[in-house]
Structures are given as structure tokens and as C-alpha cells.
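Commentary on secondary and tertiary structure
Here are the chains, one letter per residue:
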Amino acid sequence: MSVIIKARNLGKKYGRFEALKNINLDIHSGRIVGLIGPNGAGKTTLLKALLGLTSYDGELSVLDKNPFKQRHQLMQDISFIADVAVLPKWIRVNEVLDFVESVHPRFSRTEALRHLNRTKIRSRQKVSELSKGMVVQLHLALVMAIDAKLLVLDEPTLGLDILFRKEFYDNLLNDYFDHQRTILITTHQVEEVEHILTDLLFIKNGEIVLDASMDEITENYFEVLVHPDKLEQARQMNPLTERTIFNKHIMLFRQSDKQLLEPLGEIQRPGVADLFVALLKEDQQ
Amino acid sequence: MKTAIKTTPALLKREYWEHRGAFRRTPMILGSVFLAGILIFWITAIATSVHIQGIEYTLKQGIQKMAELPPDMLATIWNGVLMNISLLFLMVLFIVVFFYLLGALYDDRKDGSILFWKSLPVSDTQTVLSKLLTAIFLAPAFFVVIAALAQLLVLVLVSIIVLLYGGDPISAIWKPIDLTGNWGLLVAGAIMQLLWALPIYGWLLLVSAWAKRRPFLQAVFIPLLAAFGWYWYNVLTSLSFTNGEVFSAIFTRVGHAMLPYAKGALSFNSRQLGKDPLAVAAQMLHELKDPAIYYGLAFAIVTVSLAIWIRRYRNTT
């Protein structure tokens, strides 16, 4: 597996505001990475830097290219859906297919049509005539028809209803991901993607606060449904968080030795959202 | 290189798809307005009569009288009609291109679709140059072809009316008129127009790439404020009140770009409209000696380069 994104001391300032501070990371090919962070944490800025949409300080290479200087070469190997509904409103479906076909050497029209044929989208329709969900289907069909090495999705399903969201990720996994490609996803709806992620990146105030694979997380973080009579004992082991649901105390531990936790109660894998909240709180203390 | 050959036509097609209405429909509507104007004139002329030098003429008498005019005068009349038609087309072309360029690098930032365009392997230089190429080649091509067609149809329609009243369109219209000369003038006019207009086009692209909002106001008021500032700077520093040169440079430039057949701008007197179209074209091409054209081209290169540079950074409004 090769490193396809490599950042060293990556930074970005807007005036005096530091949107990214000293980011160091390596993303390997064949992974599905979730980039998770609160609003204003620097997610979008990081993605923009990776996609060559903004200048930056420090070192950054994506597929061995400098994204800002070589954006248009890089885009032969990267696809991205930056936001829902960024397809131009005036364009017709057949026109956007024509256009991408003539400017993108790795685009397969047959493939795109195969995806589109499963939808209600017709080729003479304008984007402005499509529903929000259909626009995303169209964009996904375009993107999946590009043989790219890296796919970047920034809030790809924001504002869509649950059927479209589910279908979106199902298509992505079944029809696109082949363990050679790399997918980088940011989303607020973490619960919907956590089962497909292989790696997690938490970002806060422009800094990476967690960079781990899902395997590492399942080995190091545990959620325990603590027995009522073990509460004091559990609290002494410094849980990251403690919450109460229906009178049950749930605590999240960072602990590499699972056996120490077993006497406390029932152990389960923590949800990404809970883990995220816990790590953000820990950081604030 | 290989991709550039495929990419450039695709980018131009893209502009055409987005601006079909402005580039194709506008000149077609303009042509229809001329034809409709003639029909309306005809219909009113059926019902009324005109008085020339105290003698009353009906339409039929007028048409017969026209045939008696010397060929010189007929040439002046019909060439004048065609030149005014083509001049109006070029004027509207300038206005259409003006607004096209103002939105060219602004609209996609406003609606977010820039993020889609930038997800494709097309460089910012290619993108900006395709917009410029659209302004100086694609849009003029539509206007020139449709204007030439409108001129032809106007003559055909008038010929039919002349025929209906027993006149002879060949001697009254087609012999005296220089249709190909008018088409030559139209093409030469479009070329001179764009040579004069290039710095304006460059400026519009720059504002379009850079403006966070209201590109129109910025495009218009920044130059005017600069001219105003220059005027008052000189008034206050040297008490001289004749510093209109920046104002006059702007107005002359816009005048040339809008009405390429006209001489200068502040005096909008079309030179000898109605005389020999090729003579008008030759006079117009004489302006190629004017150094102002070449300063303008240098300014255009600077502004377009800046627009490309800004396009790399600006992804939103």
C-alpha cells in the first residue's frame, strides 16, 4: 500500500486566523477515511488544500503532486463531490456527459449511463429540473464513471432524505470501492458512514486530534455498560465520558487491556459519534 | 497538448450551452425586429400617403418614383440601411459580451458550481481563455452571420414589396447596392470592435474573477472614480481644470467598442454612413495605426493574466 496523501506541517492562515495548524498525516491507498470535526474545525480548508483549491504553508503532496500548482493534472486521478447540488443548474444531463467525456481521459460514458439507467433521470433534463436527490444521483454517476485513485466527498448527502442517503453509500461500496481506490469522506451524519470506514481522522481547531484505523480504535476504546454496584470502581479508572441512559451508566474508556474492564459490566464497541464527543471534551479539559 | 485540442472545443461548447439565449436568440430577435419594422412600415404606408415637396404620394407612386432616382442616390439609401443594421447588431453584440464577461468568472462562484468545474482536469488558464475566446470569437461569429442574414432578408422583403407595386427590385435595389461590400464592412467592423474592446473585455474578466458581489457596479464605477480622482487631483495640485483625459479615454474607448463605424466617441457622427461600405471599412482599418489600440492590447494582457491568477484562489463569493 502506498501513501497517497502526505502532509508535513501543513498550515493555512486566513489573516490572523489559523484554519489549519501543523497538520501531519499519511493516508494510504485502499482506505476509506472519515474526516470528522465540528463546524469551523478546518475540515473544508483541509479538503480545499488537498484538492488544489487553496494555497497553504508547509508540505503537501497528493498522489506525488503539489495540489495547488498541479491541480488540473491531479484532477485526472481525483474525483470529488464538494457539496450537494454544485452541478450547474442550466446544464442538461447529456451536455454534462458530453463535457466530462471530452475533458476527462478516464471517464467512461457507458459506465455513467449504466448508473443513470437505474434512476429516473432522463438525458434531456436540465439540472434545474431535477430534485436535490436526483442531482446527487447524477453527480455520483459521473464520479463513479471516472476511474480515479482518490475520491473526496464533502458532505455528499447533506439535506437528502434517508432513502437517497442509504442508496448513495450502498452504491459507493458495491459499485465503486475496490480496495485499490481511496475514499475520503466528511460528514455530520457519522452514524451512516461509520460501518464503512477503515480509518478515522478527528480534527478540531485546525489540529488533528485522532488519527487511527478502526481496528486500533476497537482495540483501544471500549464502552462499558457499568453494573450499578461497580460505579465507584469504574469511575476510579478515569473514563473519558459517562452518560446515563434509562438509568444505565455508560462509560467510555481508553484502555488497551480489555480484561481490566470486563468485571465492570457489558463491553461494547463505541460509536464514532460518542468517541468523537469524548475526545473533544477531553481536549478541552 | 492532445488534451488541449479536445478540451478547447468542449469549453467553447460549454459556453454556448450556457449562453445560447444571449448569443443566438438575441441577434435572431434583433433581425426579426427589423423585418417586423418593414412590415409595419408597409402596412401603415398602405393606409396613408406622404407629402414630399408639397406633392402627395401614395406608396405605389413612391415606389415608382424611387426607380427614377439616380443610382448614386439609391446606393446611398440602401447601403445606409444595411450599414445601420450591421452597426446596431455590433452595438448589441458589445452589450451582450459586456454582460457575458461580467458573469463569466462570477456566476459559477455565486452558485457554487465552480466546485464542479474545478473537479475536472481543466486548468484555470484554459478556463479563463475559453471565456475570452467566447467573447472575441464565438459570440461575434453568431452576431455577424445572423446580421448578414438579416441584411439579406431585409432586402428580399423590400424587393417583394416593390414587386407587389409593380416596381423593379433589380434596378431599384440589387444593382445599386453593394451587399458583399456591406458584409465585408460587417466583418471588418467586428474585428475593429474587438481590437478596441479587448482592454474592456480584459477588465470585465478581471472584475468578474475578483468581485465578491455586484461586479457590474465595480466594473463601471472603479474606472469612473479613477477618472474623477485624476481630475480633482489635478485641480487641487495644479489648479488646472482641463484634466478630462481619463474620462475622454474611457468614453472614446467605449464609443469605439460600441459603434465601431463611428469616428471617435464623444462625437458619435458615423463617418459617411451610406456611402461606399468598403470606403468606410478602409477608413476604420486606418485606426490600426492608432497607438491607443496597442496600449489597450497590453492592458488586456495584464488584466487577463490577473484574472487567471485570481481564478486560482477564488472559489466562492
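Please refer to the structure placed before this passage.
For the structure given in this document, a descriptive report is provided here. (Residues numbered from 1 in each chain as written. Chains lettered and ligands numbered in written order. Predicted model: local features only at pLDDT ≥ 70, side-chain atom pairs only at ≥ 80, totals over all residues. Heavy atoms only, no water.)

All names here are of chain B. Where helix 8 (residues 179-210) meets helix 10 (residues 245-258), the axes come as close as 8 Å, and the angle between the chain directions of the two elements is 135°. Taken together, the axes of helix 8 and helix 10 are oblique relative to one another. Two packed elements cross with a definite hand, and for helix 8 against helix 10 that hand is left-handed. For the pair formed by helix 8 and helix 10, the contact residues are Gln193, Leu195, Trp196, Ala197, Pro199 and Ile200 on the first element and Arg253, Val254, His256, Ala257 and Met258 on the second. Broken down by class, the residue content of the contact of helix 8 with helix 10 amounts to eight nonpolar, two polar and one charged. (Axes fitted to C-alpha atoms, helices over the stretch in contact; angles between N-to-C directions. Helix = DSSP H or I, 4+ residues; strand = E, 2+ residues; numbered from the N terminus. Parallel < 35°, antiparallel > 145°, perpendicular 65-115°, else oblique. Left-handed = near helix turned anticlockwise from the far one by under 90°. Contact = heavy atoms within 4.5 Å. Nonpolar A, V, L, I, M, F, W, Y, C, P; charged D, E, K, R; others polar.)

All right, on to the interface of chain B and chain A then. Listed per partner, the contact involves 23 residues of chain B and 28 residues of chain A. When chain B packs against chain A, close to 2,600 Å² is buried across both sides, 67% of that on carbon and sulfur atoms. When the buried area of chain B at its contact with chain A is split by residue, Trp17, Phe116 and Pro121 of chain B rank highest and sum to 26% of it. Across the pair Glu95 of chain A and Arg20 of chain B runs a salt bridge whose closest N-O atoms are separated by 2.7 Å. At the junction of chain B and chain A, the tally comes to six residue pairs in polar contact (both at pLDDT 80 or more). Mapped by element, the contributors of at least two residues to the side of chain B that touches chain A are helix 1 (2-47), helix 5 (114-117) and helix 12 (291-313) of chain B. No other element matches the eight residues that helix 1 of chain B contributes to the side of chain B that touches chain A. (Buried area = accessible area lost by both parts, 1.4 Å probe. Salt bridge = Lys/Arg side-chain N within 4 Å of Asp/Glu carboxyl O. Polar contact = N/O pair within 3.5 Å; in protein donor to acceptor, adjacent residues only side chain to side chain.)

On to unusual backbone geometry. Residues and elements named next belong to chain A. Non-glycine residue Leu63 carries a positive phi angle of around 50°. Here Leu63 shows up in the loop between strand 4 (57-62) and helix 2 (71-74). Since its relative accessible area comes to 15%, Leu63 is described here as buried. Despite not being glycine, Asn238 has its phi angle at roughly 55°, a positive value. Topologically, Asn238 is positioned in the loop between helix 9 (231-235) and strand 11 (241-245). (Buried < 20%, exposed > 50% of the residue type's maximum accessible area, 1.4 Å probe, protein only.)

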